[in-house]
Amino acid sequence: MATNIDKALYQQPRGIDNLSQDEEAIEIEIIDPEAVNIRAGDLEISMIAGEAEDDFNENLAEEMDEGAMASLAGDLCGDIENDKNSRKDWEKAYVDGLKLMGLQYEERTEPWNGACGVFHPMITEAVVRFQSETITEQFPAAGPVRTKILGRETPDKQEAAVRVEADMNYELTEVMREFRPEHERMLWSLPATGSAFKKVYYDPNLGRQVSIFIPAEDILLPYGTTDLDTCYRLTHVMRKTENEIIKLQQAGFYRDIELPDPGKESDNIKSAKDKETGFSDLNDERYTLYECHVDLVLEGDEDKDDDGEPTGVMQPYVVTLIKGSNDVLSIRRNWNQDDPLKLKRQHFVHYQYIPGFGAYGFGLFHLIGGYARSATSIMRQLVDAGTLSNLPGGLKTRGMRIKGDDTPIAPGEWRDVDIASGALRDSILPLPYKEPSVVLSGLMDKIVEEGRRFAATADMKVSDMSAQAPVGTTLALLERQLKVMSAVQARLHYTFKQELRLLAAIIRDYTEPDYDYDPVDAPRKAKQSDYDHVDIIPVSDPNAATMSQRVVQYQAVIQMAQMAPDIYDLPQLHRNMLQVLGIKDADKLVPLPDDQKPKDPVSENMATLRMEPVKAFFYQDHESHIKVHMMGMQDPIVMQLIGQNPKAGQIQAAMMAHVAEHVGFAYRQKIEQQMGMPLPPEDEKLPPEMEIQLSNMMAQAASQVLQQSQAQVAQQQAQQQQQDPLIQMQQQELQIKQQELQIKQQDLQLKSQEMKARLELDNKRLEVEAMNKAGQLQQQKKVAEITALGKAGDLKRQRQQMETNARYQQQEKPTK
């Protein structure tokens, strides 16, 4: 009861503004501007502003006036009956088509009792084949979901995509155990009727999301509607037991009212289905509910403009009522609270086989129903003709009596006949029944062939094709034959994508925002934010209807790759081919560089020697990797072992390609360092203006990187030259020549000094002679001569010593 009181108090028109005299005992105390305390006798309820968000999702029928609610229910029931009456002819075609499926043998009394009542299985064959092919395409063993990263790819987004894909497949295959059976039921009904619906919602009884199949007859659409998103009224005819309704009432989803007795009625489609499947509704005590998704102007909840005045614009609501009594169980808003446009929330997806003129699509009942009826009629005629030919009837005279009366004569049986006179043949006249007509049989084959071809279920005669036929010719024939089915599969792929998106939105809303545990072994791996970076798409291929078509496509590509293998990614091509064939662990059979994780340079060398794929990553130390790889390639032991390997060329090419990958990343890092900013991702599409600006900046940075690289290379070349033995010998020769030149220069200097000394000596002699003539300097002359002779001797000894040193150095000069 407290729950009902809480919901009643949430409604503004009652309990706050419209207090009656009997409710004077209720006190309203506003202490906090964001909180309201309400006391009613001994009951005290606190309403906080944050709790007002729950007001939006409340059941508006709890506080709506009974008279207004009854008027609303009556109007809706009248509109629903009009919607049902507008599709009378569609229902008649539906009922007639159910008979053509031949699920039950027809007991016929015309033209005689026990005449053939078989149906040609043309429609049933097409339905079974469509269901079998489609379920294997849309629901493989690993799950029906794959993900696509939105925007720029980053390691975090890639990990999030893996988690979301695993999470969605786990939910659809393990948690939602009814998902595949419901989907298969939808695929059975869709090709026959042309339309089928799925309803996606959160079930409070199960505490999780569900997606249930709804037959086309249980969805009532108004005349002129072609799209569910723009449909102003959609009615889901539901059948629930009393216990299911009570559980929803206890959960607060439905209004707590006394349920009337369930009404028992049946429509033509339900009766035809029961007859074909052999069931009876004798014990059906379920209630029929109308869940109407309708645009309304609801009194007390009108759309208002900026001035607070009602605009008269209808808003989307979900009204649920009981058929017959028109008791309203719930009225809820059907738009997001934070949506200013108040767009309708969609809970249904509409699968169509062939889009028609109106809201419902065309199915096999409409497309080949006439073929099936004609084939059935001719088949019955052929069987009856064979029966009459094998067991003919005729005329006999009135007076002839046959023992055993008119019971058929068994093979090998002889009976006594009493005749008055004459021969027996004169008393019996067999009717001229003929064998089954060959022309009629050929006509039936032609009709069946045309019907199967139109329904895209005819088998291509492989024996009529040459074994040497090119793959392109085979592909063209397959495409022509499967064109109709390919279009149907593309429509299913699109609609299935919408269904998966609705399921992903519910799963995301009820997923934890984050987790504090390691989700490696946990069944739920994704967190709420992971769903913001990925798009949910089906694993089915909208461009190919069957596996054989995809196999032939890849065979054509492989043939083209053999003519120019250098321009194809052969490992990726073979990986995709294995996946198309359904081979398990294709990633282990054909590893790709994209599957690799970062490795140290030594591990990369080892993987290259084993001819395993390796991959460079942007954030690695590329200079160190390049050094380790180049040193490994220069190692004589390693090179000797590689030279003995018959695949030495492939190993060296793989290593050089990997080194080139590191070189490219290193060059990119240098450009970024010169620019002072990170470059955009390689696969990101840039606006023309930004691309031009980046190109100019890159050109300047590339010039600076080139200068640095040239200087570095020049320095390395100089260092290498200094370490060259030949260069060292040439430098030593130059040094020796320089020393010889210095010695010669010193010798010339000594000779020059000797000449100067001799001139000085001569001058001194002249002076001495002059002094001797004068008789005054005889003694000085002798001293000068002795001094000059001493200097000359010293110079001569120095010269001899230098010549000795030079000869010694010449003897030590290395030979070339």
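Look above for the structure.
Residues numbered from 1 in each chain as written. Predicted model: local features only at pLDDT ≥ 70, side-chain atom pairs only at ≥ 80, totals over all residues. Heavy atoms only, no water.

Asker: Would you explain the overall build of the protein in this entry?
Answerer: Counting secondary structure elements, the protein contains 25 helices and 17 strands. Looking at the 816 residues of the protein, the share that counts as buried comes to 34%. A fraction of 65% describes how many contacts in the protein between residues 6 or more apart in sequence connect residues 24 or more apart. Summed over its atoms, the accessible surface of the protein is roughly 50700 Å², and 52% of this surface lies on carbon and sulfur atoms. (Helix = DSSP H or I, 4+ residues; strand = E, 2+ residues; numbered from the N terminus. Buried < 20%, exposed > 50% of the residue type's maximum accessible area, 1.4 Å probe, protein only. Contact = heavy atoms within 4.5 Å. Areas by Shrake-Rupley, 256 points an atom, 1.4 Å probe, with all protein chains shown as cover.)

Asker: Teacher, can you tell me more about the side chain of Asn169 here?
Answerer: Tracing the chain through its elements places Asn169 in helix H7 (residues 155–175). Beyond its immediate sequence surroundings of up to four residues, Asn169 is in contact with Ala142, Gly143, Pro144, Val145 and Glu174.

Asker: Before we go on, may I ask you to explain the side chain of Gln620 in this structure?
Answerer: Mapped onto the elements, Gln620 comes out in the loop between helix H19 (601–609) and helix H20 (622–634). For Gln620, the side chain forms a polar contact with the main-chain oxygen of Lys599, separated by 3.4 Å. (Polar contact = N/O pair within 3.5 Å; in protein donor to acceptor, adjacent residues only side chain to side chain.)

Asker: It is not clear to me how the packing of aromatic side chains should be interpreted in this structure. Could you clarify?
Answerer: Each aromatic ring pair is described using two quantities: the centre-to-centre distance and the angle formed by the ring planes. A complete count under the given rule lists 13 aromatic pairs for this structure. For the ring pair Phe618 and Phe665, a centre distance of 5.9 Å and an interplane angle of 70 degrees mean the geometry is edge-to-face. Residue Phe618 is located in the loop between H19 and H20, and its partner Phe665 is located in helix H22 (residues 648–675); the two are separated by 47 residues in the primary sequence. For Phe618, a relative accessible area of 32% translates into the label partly exposed. The exposure class of Phe665 is buried, given its relative accessible area of 16%. Ring-pair connections join several aromatic residues into one group, and the members of that group are Trp90, Tyr94, Tyr360 and Phe365. (Phe/Tyr/Trp six-rings, centres within 6.5 Å; stacked < 30°, edge-to-face > 60°.)

Asker: Is there a simple way to think about a nonpolar patch on the surface in this case?
Answerer: On the surface, Leu103, Val128 and Trp188 cluster together into a nonpolar patch covering about 230 Å² of accessible area. For Leu103, the location among the structural elements is in the loop between helix H5 (88–100) and helix H6 (122–138). (Patch = residues over 30% accessible without salt bridge, like charges linked within 9 Å, V, L, I, M, F, W, Y side chains within 5 Å. Salt bridge = Lys/Arg side-chain N within 4 Å of Asp/Glu carboxyl O.)

Asker: Any chance you could explain the sheet that holds strand E10 (residues 315–322) here in plain terms?
Answerer: Sheets are built from strands paired through backbone hydrogen bonds, the pairs being either parallel or antiparallel. The antiparallel open sheet is built from five strands, whose spatial order is E7-E8-E9-E10-E11. One side of each edge strand has no neighbouring strand; the edge strands of this open sheet are strand E7 (219–220) and strand E11 (328–333). The sheet contact formed by strand E8 (residues 233–240) and strand E9 (residues 287–296) spans eight bridges and is antiparallel. Opposite Arg239, over in E9, you have Thr288 as the bridge partner. The sheet strands contacting helix H4 (residues 66–85) are E7, E8, E9, E10 and E11, and the helix crosses E9 at an angle near 100 degrees. (Pairing = 2+ DSSP bridges. Axes fitted to C-alpha atoms, helices over the stretch in contact; angles between N-to-C directions.)

Asker: I'm lost on the sheet that holds strand E12 (residues 348–352) in this one. Help?
Answerer: Read across the open sheet, the three strands follow the order E6-E5-E12; overall the sheet is antiparallel. Looking at strand neighbours, the two that pair on one side only are strand E6 (208–215) and E12, the edges of this open sheet. Taken pair by pair, the neighbouring strands of this sheet meet at an average axis angle of 20 degrees, ignoring direction. The pairing of strand E5 (residues 195–203) with E12 spans five bridges and is antiparallel.

Asker: Explain the packing of H5 against helix H10 (residues 268–277) here, please?
Answerer: Any two packed helices are characterised by how steeply their axes cross, that is the angle between the axes, and by the distance between the axes. The contact between H5 and H10 brings their axes to 9 Å, and the two run at 5 degrees. On the basis of the axis angle, H5 is roughly parallel to H10. Judged by residue contacts, Trp90, Glu91, Tyr94, Val95, Leu98 and Lys99 of H5 engage Asn268, Ile269, Ala272, Lys273 and Glu276 from H10. Per-class residue counts for the contact of H5 with H10 are six nonpolar, one polar and four charged. (Parallel < 35°, antiparallel > 145°, perpendicular 65-115°, else oblique. Nonpolar A, V, L, I, M, F, W, Y, C, P; charged D, E, K, R; others polar.)

Asker: Just to check I follow, could you spell out the packing of H19 against H20 for this structure?
Answerer: Contact pair H19 / H20: the axes reach a minimum separation of 9 Å and the direction vectors enclose 45 degrees. Between H19 and H20, the interaxial angle falls into the category oblique. The element H19 and its partner H20 pack so that their crossing is right-handed. Residues Pro601, Val602, Glu604 and Asn605 of H19 form the contact with H20, whose participating residues are His625, Val628 and His629. In terms of residue class, the contact of H19 with H20 is made up of three nonpolar, three polar and one charged. (Left-handed = near helix turned anticlockwise from the far one by under 90°.)

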